[in-house]
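Report on the structure
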Amino acid sequence: MSNHAHAQRYRCQLRQPAAERKAETHPLTWRLRDDGALIGIDDYRAKSGYTAVSETLSRLSQNDVISVMKEANLRGRGGGGFSAGVKWSLTLKGEEYPRGYLICNADEMEPGTFKDRLLLEQQPHLLIEGMILAGYANNSRLGYIFLRGEYIEAARAVSQALDEARAAGWLGNDVAGSGFDFDIVLHTGAGRYICGEETALINSLEGYRANPRAKPPFPGQSGAWGKPTVVNNVETLCNVPAILQHGAQWYRDLSGDRSNDGGTKLYGVSGLARQTGLWELPMGTTGRELFDLAGGMKAGHTLKTWLPGGGSTGFMLPEHLELPLDFDSIGKAGSRLGTGLIAVVSHQQSVVSLMRNLEAFFARESCGWCTPCRDGLPWTVKLLRALEQGAGEQGDIEMLDKLANDLGPGKTFCAHAPGAAMPLESALRYFRDEFEQGVRAPAVEARSGSAHPI
Amino acid sequence: MTNDTGTFDPSQTIASDGFRIHPDDLAAIEHECGHFEQPQAACIEALKIVQRRHGWVPDGAIPAIASALGIATASVEGVATFYSLIFRQPVGRHVILLCDSSSCFLTGYDALREALVEQLGIGYGETSADGRFTLLPVCCLGACDRGPAMMIGEDTYGPVAPEDLSGLLEAYS
């Protein structure tokens, strides 16, 4: 019995104080308050909120908006890194096509990722403004926010903000007197990681099991109910207002020489670092800079390895901290930036155990649609569990090599299995000795009759 | 009777076992249908609406929802059994969702799970004898900077140390 519970209600909080955040340098977070309170419509409006909507809808054509977005080189912040402007340019629009849908992917469930929660809970009007602009550019009839069911506080905040925006004329018929009709519906999910995959998300929105769909056709051609559909991540959409307000060049200059990818990024650190948390930093901030902001590892721990942006990204070594955290740099090093929230791993942590945890997650969350994923992932877990307990057999590691390959890109409908294969392949490459220690050597077994846990 | 015409028919709401969708819930489901091109899309929300009232989705609710939405019963059951936050068996008064993803794993998930299992006397998927708690694992809760994290009902906590548990659970009767 403890006399006083130390566990606290979780509150998502940015590490940078308001005094350090400016509109010119922190487009995503400069309005956020130090107390973390929700930014209501009055506060948002007072800080130039919805200016981008009123200016853009009266001044720029749909194609103008898309041109600016392409030039800004805003790359998808959900982890895919695909250019938002290019995605929008590929959406079927025009009089010969029905008006379709804009879906905000707020199904944040990637292991180690807690960034969209901040934007949803504290500044939902920025997302709504970004969605109006994206809806305008893509000629969307309606927007949906697909929010994971567990984000209770975010649902309250978004729901309130939608009511406020509708009452103020930013949503509904004739948005801000522009002649453009657009509204947004909040849809809360009922669990399952796979809903974050864009075509599975569309199936889930339509009320079906969240199985992915074959591509092509891409959602921009045929998405929700067969209509042209754009799916963008929360953080991606939250970048749009500032880009249209200040221009593509300004946005690119935010990252400057650091990266070809424009803008800022919500970066984060989890794991056994001294000061875990979230920061808005220029795109291309190095892993070292971020790691230092987190104060390095906790006392008694040194950095063994790290995941750059979620459970579906490949392990990196300490020396990779010198790389810019952008899509191309991390990609060239054999991993993926993913969501850009790094998880740091202590030297005391068994990589085999961590791998078992990751693959158990992917195995449970497989939707079961494709055989390699449905059957290969539980097999992977079984092998890893044996190695973790020092009861691996000869050939188990080679089988894991094969599974990492057979679960890789191009063998399944969606990126779930490749996402599971990436950390496994890199763990086998960088930490093979740890896996080998889990293989029961026949001679040792005969002598001692007992396994040696690593 | 079920059909695949995909039209909302509020009169079709009584299942063979007598389960009846509450009129308020039916109105909420009908309202939800208005958000989508087809009633099928309201299926998940309909299950959540029924679950809010009953704590879980009773067997009779499946054909009742199917009838109301004008979709196949198998489709509703398929959806109900796919999604982890739809409960097809009774749960305790408070559902504990324990994050078992990687960042919480790195920061003390195992010890927290062991403490929960010991204090509640149940494992995953089980309900405590007094009917207070059901324990379930959940995908990354997005509270990774303060792991290990968990939800009790609608409340998210983190970080939770094993010694914090008894005090924390006391608040949920």
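No experiment lies behind these values; they were computed from the predicted model shown. (Residues numbered from 1 in each chain as written. Chains lettered and ligands numbered in written order. Predicted model: local features only at pLDDT ≥ 70, side-chain atom pairs only at ≥ 80, totals over all residues. Heavy atoms only, no water.)

Moving on, we get to the domain arrangement of chain A. All names here are of chain A. You can read the domains of chain A as domain 1 (21–246), domain 2 (264–346) and domain 3 (351–436). Domain 1 and domain 2 are separated by 26 Å when their C-alpha centres are compared. Taken together, the contact pairs 23 residues of domain 1 with 20 residues of domain 2. Where domain 1 meets domain 2, there are 2 salt bridges. In this structure, the connection of domain 1 to domain 2 is made through 11 residue pairs in polar contact (both at pLDDT 80 or more). If you list the elements that add at least two residues to the side of domain 1 that touches domain 2, you get helix 5 (116–122) and helix 9 (234–246). In the side of domain 1 that touches domain 2, the residues fall into 7 nonpolar, 11 polar and 5 charged. (Domains from an automatic or database assignment. Contact = heavy atoms within 4.5 Å. Salt bridge = Lys/Arg side-chain N within 4 Å of Asp/Glu carboxyl O. Polar contact = N/O pair within 3.5 Å; in protein donor to acceptor, adjacent residues only side chain to side chain. Helix = DSSP H or I, 4+ residues; strand = E, 2+ residues; numbered from the N terminus. Nonpolar A, V, L, I, M, F, W, Y, C, P; charged D, E, K, R; others polar.)

This brings us to the interface of chain A and chain B. How big an interface is tends to be expressed through the accessible area that disappears when the partners come together. Chain A puts 65 residues into the contact, and the matching count from chain B is 50 residues. Buried surface at the junction of chain A and chain B, summed over both partners, amounts to about 4,700 Å²; 55% is from carbon and sulfur atoms. The largest share of the area that chain A buries against chain B comes from Y10, A190 and R209 of chain A, three residues that together contribute 13% of it. At the boundary of chain A with chain B, the tally comes to 4 salt bridges. Here chain A and chain B share 28 residue pairs in polar contact (both at pLDDT 80 or more) between them. Looking at the side of chain A that touches chain B, the elements with two or more residues in it are strand 2 (142–147), helix 7 (152–167), strand 3 (183–188), helix 8 (198–205), strand 5 (264–271), strand 8 (341–346) and helix 13 (351–365) of chain A. A total of 8 residues in the side of chain A that touches chain B trace back to one element, the largest contributor, which is helix 13 of chain A. Residue composition of the side of chain A that touches chain B, by class: 30 nonpolar, 20 polar and 15 charged. (Buried area = accessible area lost by both parts, 1.4 Å probe.)

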